[in-house]
Amino acid sequence: MLSKSVVSGILALASARVVNCIPLESSSQSIRPSRRWLPGADKIRGVNLGSQFIIEPWMAGDEWGNMGCGGANDEWQCVEALGQDAADAAFKKHWDTWTTQDDITQIKSLGLNTVRIPVGFWIREDLVNEGEHYPRGGLEYLDRLVGWCADAGIYVIMDLHGGPGAQFPNQQYTGHGVDYPGFYTQDNYERAYKFLEWMAERIHTNNSYRNVGTLEVINEPVHAGDYGSQAADMIATYYPNAWTRIRNREDQLGVSTNNRIHIQMMDKSWGSGDPTSNLPDTTSALYDDHKYYKWDGSVTTTKEGYISAACNDNRGGSDIIVGEWSLSVADSVQSNDEFQINNRPDQVEWYKQFWAAQAQTFEKSGGWVFWTWKCNWIGGMDEWRWCYQSAVAAGAIPKDAGSASSISPC
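Remember, it's a predicted structure, so these values are computed and weren't measured experimentally.

Draft legend 1. Representation of unusual backbone geometry. Threonine 372 follows tryptophan 371 through a cis peptide bond whose omega is 5°. Along the chain, threonine 372 turns up in the loop between strand E8 (367-370) and helix H11 (388-394). You will see that alanine 166, though not glycine, has its phi angle at about 75°, which is positive. Tracing the chain through its elements places alanine 166 in the loop between strand E3 (155-162) and helix H7 (186-205). Of note, the phi angle at glutamate 220 is positive, near 40°, even though the residue is not glycine. On the secondary structure map, glutamate 220 appears in the loop between strand E4 (212-216) and helix H8 (228-253).

Printed below as a string of structure tokens:
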């Protein structure tokens, strides 16, 4: 990993002008693409725009039902059930309304400087094989969304959240819940490489993408303990080839070294192996750490235990960004008298302390991106432990994202 602080570089301003959109296959044209970074803060403070382009019904149940997808587990099943044309219409209405420009304005007003946008490979529609079922038409809404972020001065992490063949079994975030992860084949790797090349070019040549500075090559792959050969192959084959394909595309575009995007992989703490093992280089590499104390079996499941765990944690250096975390606690205690939040305004202050303890700790590394910005009626209630926007409204997260150190109990 990098020994110097990379996050300040991520948020530094480059004065070069970004050129207008040029299609993927136009790299033979004479163009001078460049990057623009954000000025100011030296820590990532952000939110995920979860369920915008890959809907996870567990956190968007009302939305899912209103789309006519209520009996479906994931996007694949919904498209298959509704039929392609009807599904496309339902998803376009969702893409148009789930995250609006007002959301981006509010995100900025709360002192947040970053959004992470989870997307599926199928947003590049020519990568979808016959017999696969994914919604069509999302790209124009992605273009619009990153343009809003750029206009607001918000940094963007573009996250390949759903890979070809599904990179983890039985997970809605892949877009297709499968019993066996099919991502780990040369054919599906190749589709992912083509997605990454295409997205890298779009980032460098489409003015709307001028604040997209990080490209994550795959979200939450399998763990080595469960799928040893697949995880090992990803470390040995997929990561280094993804790196090379992105950098080669940038070289073809004439991108200068200081204007290259940051390439992000899951950190070794995820359990898939050391992402740096076979990389040809680690310049401008970032690592994604997902830290949910909810699922950490070593944490004592009391209020004191959660605060202690967060305060005493160390997630690593400045090239590590905690790309997902929440205020949720273990399933076994989340509804008991000590932790329940439904009709319990007296709980808000403790959760604010828990937020601050985590944010302060994660800022010892490169910073943080909360999961998620918005959701609706998890478990039949306003479950703001997962929803930044709702947590701010409840008073459990302050209106200044940079205030953690001043209120942290650590």
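Now, onward.
Draft legend 2. Region of the structure containing the layout of surface pockets. In this structure, the largest pocket spans a volume of roughly 650 Å³. Taken together, 23 residues make up the lining of the largest pocket; nearest its centre are Glu220, Trp270, Tyr292, Trp295 and Glu324. Its residues placed into classes, the lining of the largest pocket shows eight nonpolar, eight polar and seven charged.

Draft legend 3. Region of the structure containing the nonpolar core. Judged by nonpolar contacts, the single largest core of 113 residues is most densely connected at Ile117, Leu142, Met158, Tyr238 and Tyr388. Ignoring sequence-local partners within four residues, the contact set of isoleucine 117 consists of Leu49, Phe53, Leu142, Leu145, Val146, Val156, Ile157, Met158 and Asp159. In this structure, Met59, Tyr292, Trp386 and Cys387 belong to the second largest nonpolar core, which totals seven residues.

Draft legend 4. Broad picture of the pattern of salt bridges. As enumerated under the stated definition, the model contains 24 salt bridges in all. The residue arginine 202 makes a salt bridge to aspartate 143 at a minimum N-O spacing of 2.9 Å. One end of the pair, arginine 202, is in helix H7; the other, aspartate 143, is in helix H6 (residues 139-152), and 59 residues separate them in sequence. Residue classification places arginine 202 among the buried positions, given a relative accessible area of 14%. Sharing partners across several salt bridges, the network here consists of Arg116, Asp159, Glu216, Asp288 and Glu324.

Draft legend 5. Examining the pairing of strand E6 (residues 285-290) more closely. In terms of burial, E6 is largely enclosed, as six of its six residues are buried. By the alternation rule, side chains of E6 split into Ala285, Tyr287 and Asp289 and Leu286, Asp288 and His290, which are all buried. Pairing of strand E5 (residues 262-266) with E6, which is carried by four bridges, proceeds in the parallel orientation. Following the sheet pairing, isoleucine 263 is matched in E6 by alanine 285. In this structure, E6 lies alongside strand E7 (residues 320-324), joined through four bridges in parallel fashion. When the sheet's bridge partners are listed, tyrosine 287 is paired in E7 with isoleucine 320. Read as a crossover between parallel neighbours, the route from E6 over helix H9 (residues 303-311) to E7 is right-handed.

Draft legend 6. Layout of the packing of aromatic side chains. Under the definition given, this model contains 35 aromatic pairs. For the cation-ring pair, arginine 247 lies above tryptophan 243, with the distance from its terminal atom to the ring centre recorded as 4.9 Å. If you follow lysine 374 out to its NZ or CZ, it ends over the ring of tryptophan 98, 4.6 Å from the centre.

Draft legend 7. Highlighting the side chain of arginine 202. Among the polar contacts made by the side chain of arginine 202, one reaches the side chain of aspartate 143 at a distance of 2.9 Å. When residues no more than four places from it in sequence are discounted, the contact partners of arginine 202 are Leu139, Asp143 and Tyr209.

Draft legend 8. Representation of the pairing of E8 in the model. Residues Gly367 and Val369 point to one face of E8 and Trp368 and Phe370 to the other, with burial holding for every one of them. Where strand E1 (residues 44-48) and E8 come together, four bridges link them in parallel fashion. Note on E8: the bridge partner recorded for isoleucine 44 is glycine 367.

Draft legend 9. Looking closely at empty space enclosed by the protein. All told, the structure shown has three cavities of 30 Å³ or more when counted by the stated rule. Each pocket or cavity is described by its volume, and for the largest cavity that value is around 70 Å³. Along its surface, the largest cavity is lined by Phe53, Trp95, Gly120, Trp122, Ile123, Glu125, Pro135, Arg136, Gly137 and Gly138. Class assignment for the residues of the lining of the largest cavity results in five nonpolar, three polar and two charged.

Draft legend 10. Here's a closer look at the state of the cysteines. Across all of its chains, the model carries three disulfides by this definition. Note that cysteine 311 is cross-linked by a disulfide to cysteine 410, the S-S spacing being 2.0 Å. Negative torsions about the S-S bond denote left-handed disulfides, and the value of about -85° found for cysteine 311 with cysteine 410 makes this one left-handed. Here cysteine 311, found in helix H9, pairs with cysteine 410, found in the segment after helix H12 (404-407); they are 99 residues apart in sequence, far enough to count as distant. A relative accessible area of 15% places cysteine 311 in the buried class.

Draft legend 11. Molecular detail of helix H4 (residues 84-97). With 14 residues, H4 should cover 20 Å at 1.5 Å per step; its first-to-last C-alpha distance of 20 Å lies within 8% of that length. Listed in full, the buried residues belonging to H4 are Ala87, Asp88, Ala90, Phe91, His94 and Trp95. Against the buried residues of H4 lie helix H2 (61-66), helix H3 (75-82) and H6.

Scoring rules and cut-offs
Residues numbered from 1 in each chain as written. Predicted model: local features only at pLDDT ≥ 70, side-chain atom pairs only at ≥ 80, totals over all residues. Heavy atoms only, no water. Helix = DSSP H or I, 4+ residues; strand = E, 2+ residues; numbered from the N terminus. 1 Å grid on protein atoms, 1.4 Å probe; cavity = no way out; pocket = protein on both sides within 12 Å on 5 of 7 lines; lining within 4 Å. Points joined across faces, edges and corners; volume = space filled by probe spheres on them. Nonpolar A, V, L, I, M, F, W, Y, C, P; charged D, E, K, R; others polar. Core = buried A, V, L, I, M, F, W, Y, C linked by side-chain atoms within 4.5 Å. Buried < 20%, exposed > 50% of the residue type's maximum accessible area, 1.4 Å probe, protein only. Contact = heavy atoms within 4.5 Å. Salt bridge = Lys/Arg side-chain N within 4 Å of Asp/Glu carboxyl O. Pairing = 2+ DSSP bridges. Right-handed = clockwise from strand over helix to strand, strands pointing away. Phe/Tyr/Trp six-rings, centres within 6.5 Å; stacked < 30°, edge-to-face > 60°. Lys NZ or Arg CZ within 6 Å of the ring centre and 35° of its normal. Polar contact = N/O pair within 3.5 Å; in protein donor to acceptor, adjacent residues only side chain to side chain. Disulfide = S-S within 2.5 Å. Expected span 1.5 Å × (residues − 1).

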